[in-house]
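Summary of structural features
Each chain is listed here by its residues.
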Amino acid sequence: MTLPTAATRRFQWFSQGVLLYSLGVILWGAFVRATGSGAGCGDHWPVCNGEVLPRAPSLQTLIEYTHRLTSGLATVLAVALYMWGRREFPKGHPGRRAAFWALVFMLTEGLVGAGIVLLKYVAQDARLGRAVWMGVHLTNTFLLVGAQTLVVWAAKGRARMALRGQGTVGAVLGLSVAGMLVLGISGAVAALGDTLFPATSLAHGFEQDLSEAAHVLLRLRVFHPIIAVGMGALLVFGGRWVARLRPSPEVRRASAWLTGVYVAQLCAGVVNLVLLAPVTMQLVHLLLADCVWMCVVRLCAAGLAEDAPRLEPAAEPAPRVEPV
């Protein structure tokens, strides 16, 4: 690995800053949903209540308008990251492709957010279509964060990933990525149910989930903790399996971080359930979910790297055929 130049170090810091800022914007978007402020600008987009700069705004309008302003700045940073990435990485470099996809997913993130506003899937709207859009929104957010994570990874001079010929490692990592997307979608639906149908006690929450007359969002909410426990087992044991078959320091470090962060995420989920999903805990839970996703992306990047050492199970020798 060649020593980084001053320009390369600046790009590394910038890419990390863009990722951190994007996480902040994502959390503020969750705050908009959790506080019911999504209708703060009405069904107008990109203007707010028909005005570019709202006059005498309410608290909900300020919350929603701030989210739009910070999202706009995030888009500007994504453009800058892509343009700088084109200068930093040669044509065909995985870092350059990651910067391109980070820009694409930032743009689609804005389009999905605009769709939610224009379709009025905000505030206390409990239509099933809102849950679908929340799932799409969460998926796009994960893809955005994943692409930005890969930019940071590539900026440090890591080897490119090889998807072919990975065997069991490729299958385990593929299942981990798909499972995280399913878990994230179920979490978005559960958070929406907590916002629209808040429980007054833990027992009341269980009654809501088990009632035959409960809204579909409440009936879907119960699947999230089940999926979370199952995914925990897959990620922890799968990460250790990958670390055994690809015994590089980066893989082992990514596996250890994945285990630690996921345990913290499960603990936060339990606290969130017991405390009846207060806004603060919802934000902590979402932040940890994004951190788990970044750990999975880093594990994939390290485990599938072209220069990752391989320790495959030894194949059994073919039976010897004695001459007649």
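On a predicted model such as this, the values are computed, not experimentally measured, just so you know.

So, on to the UniProt feature "transmembrane region" (unreviewed entry) in the protein. Mapped onto this numbering, the UniProt entry annotates "transmembrane region" (unreviewed entry) at residues 12–31, 65–85, 97–119, 131–155, 167–192, 222–243 and 255–277. The span residues 167–192 is 100% helix and 0% strand, and its two end C-alpha atoms sit 38 Å from each other. From the first C-alpha to the last, residues 222–243 spans 33 Å; its make-up is 95% helix and 0% strand.

The domain architecture assigned to the protein consists of domain 1 (8–157) and domain 2 (161–310). Distance between the C-alpha centres of domain 1 and domain 2: 21 Å. Taken together, the 25 residues of domain 1 in the interface contact 29 residues of domain 2. Both faces considered, domain 1 and domain 2 share a buried interface measuring about 2600 Å² in area, 79% of it formed by carbon and sulfur atoms. Among the residues of domain 1 in contact with domain 2, Arg33, Phe142 and Trp153 are the three that bury the most area, contributing 27% of the side total. At the junction of domain 1 and domain 2, the tally comes to zero salt bridges. In this assembly, domain 1 and domain 2 are joined by five residue pairs in polar contact (both at pLDDT 80 or more).

A few words on the side chain of Gln282. For Gln282, the position within the fold is in helix 10 (residues 279–303). What makes Gln282 buried here is its relative accessible area of 10%.

Two side chains with opposite charge may pair up if their charged atoms get near one another. With the rule as written, the count across this model stands at seven salt bridges. For Asp43, the salt bridge goes to Lys120, with nearest N and O atoms at 3.6 Å. Here Lys120 lies in the loop between helix 3 (94–118) and helix 4 (128–155) and Asp43 lies in the loop between helix 1 (6–34) and helix 2 (59–88), a separation of 77 residues in the sequence. Relative accessible area serves as the criterion here: at 47%, Lys120 is assigned to the partly exposed category. A salt bridge links Asp125 to Arg127, with the nearest nitrogen and oxygen atoms 2.9 Å apart.

Attention now goes to helix 3. Look at helix 3: 36 Å from first C-alpha to last across 25 residues, which is about the 36 Å you get at 1.5 Å a residue. Residue Lys120 follows helix 3 closely and has a positive phi angle near 65 degrees.

With respect to the helices, strands and loops of the structure, Ser176 is situated in helix 5 (residues 167–196). For Ser176, the residues in contact, after removing those within four places along its chain, are Met231, Leu234, Leu235 and Val296.

The geometry of helix 2 relative to helix 3 is characterised by a closest axis approach of 8 Å and an angle of 160 degrees between their N-to-C directions. By the angle between their axes, helix 2 is roughly antiparallel relative to helix 3. Where helix 2 crosses over helix 3, the handedness of that crossing is left-handed. Across from Glu64, Arg68, Ala74, Thr75, Ala78, Val79, Leu81, Tyr82, Gly85 and Arg86 in helix 2, the residues of helix 3 making contact are Arg96, Ala99, Phe100, Leu103, Met106, Leu107 and Val117. Each residue belonging to the contact of helix 2 with helix 3 can be placed in one class, and the counts come to eleven nonpolar, two polar and four charged.

What follows concerns the confidence of the model for the protein. Taken as a whole, the protein shows an average pLDDT of 91; of its residues, 95% reach a score of 70 or greater. Confidence, read as mean pLDDT per element, is least for helix 6 (residues 202–210) in the protein (83) and greatest for helix 10 (97). In the model, residues 314–318 has pLDDT below 50 throughout and makes zero contacts with residues more than four positions away in sequence or in other chains.

Here we take up the state of the cysteines. Here a disulfide denotes a covalent bond joining the sulfur atom of one cysteine to the sulfur atom of another. What the rule picks out here adds up to one disulfide. The disulfide partner of Cys41 is Cys48, and the gap between their sulfur atoms is 2.0 Å. Its S-S torsion of approximately -85 degrees makes the covalent link between Cys41 and Cys48 left-handed. For Cys295, which is in no disulfide, the shortest distance to another cysteine sulfur is to Cys291 and amounts to 6.9 Å. Free cysteine: Cys300, not disulfide-bonded; nearest cysteine sulfur from Cys295 at 11 Å. Owing to a relative accessible area of 10%, Cys300 belongs among the buried residues under this scheme.

The rules we used
Residues numbered from 1 in each chain as written. Predicted model: local features only at pLDDT ≥ 70, side-chain atom pairs only at ≥ 80, totals over all residues. Heavy atoms only, no water. UniProt positions renumbered as here; feature names shortened; annotations may be inferred. Helix = DSSP H or I, 4+ residues; strand = E, 2+ residues; numbered from the N terminus. Domains from an automatic or database assignment. Contact = heavy atoms within 4.5 Å. Buried area = accessible area lost by both parts, 1.4 Å probe. Salt bridge = Lys/Arg side-chain N within 4 Å of Asp/Glu carboxyl O. Polar contact = N/O pair within 3.5 Å; in protein donor to acceptor, adjacent residues only side chain to side chain. Buried < 20%, exposed > 50% of the residue type's maximum accessible area, 1.4 Å probe, protein only. Expected span 1.5 Å × (residues − 1). Axes fitted to C-alpha atoms, helices over the stretch in contact; angles between N-to-C directions. Parallel < 35°, antiparallel > 145°, perpendicular 65-115°, else oblique. Left-handed = near helix turned anticlockwise from the far one by under 90°. Nonpolar A, V, L, I, M, F, W, Y, C, P; charged D, E, K, R; others polar. pLDDT = per-residue confidence, 0-100. Disulfide = S-S within 2.5 Å.

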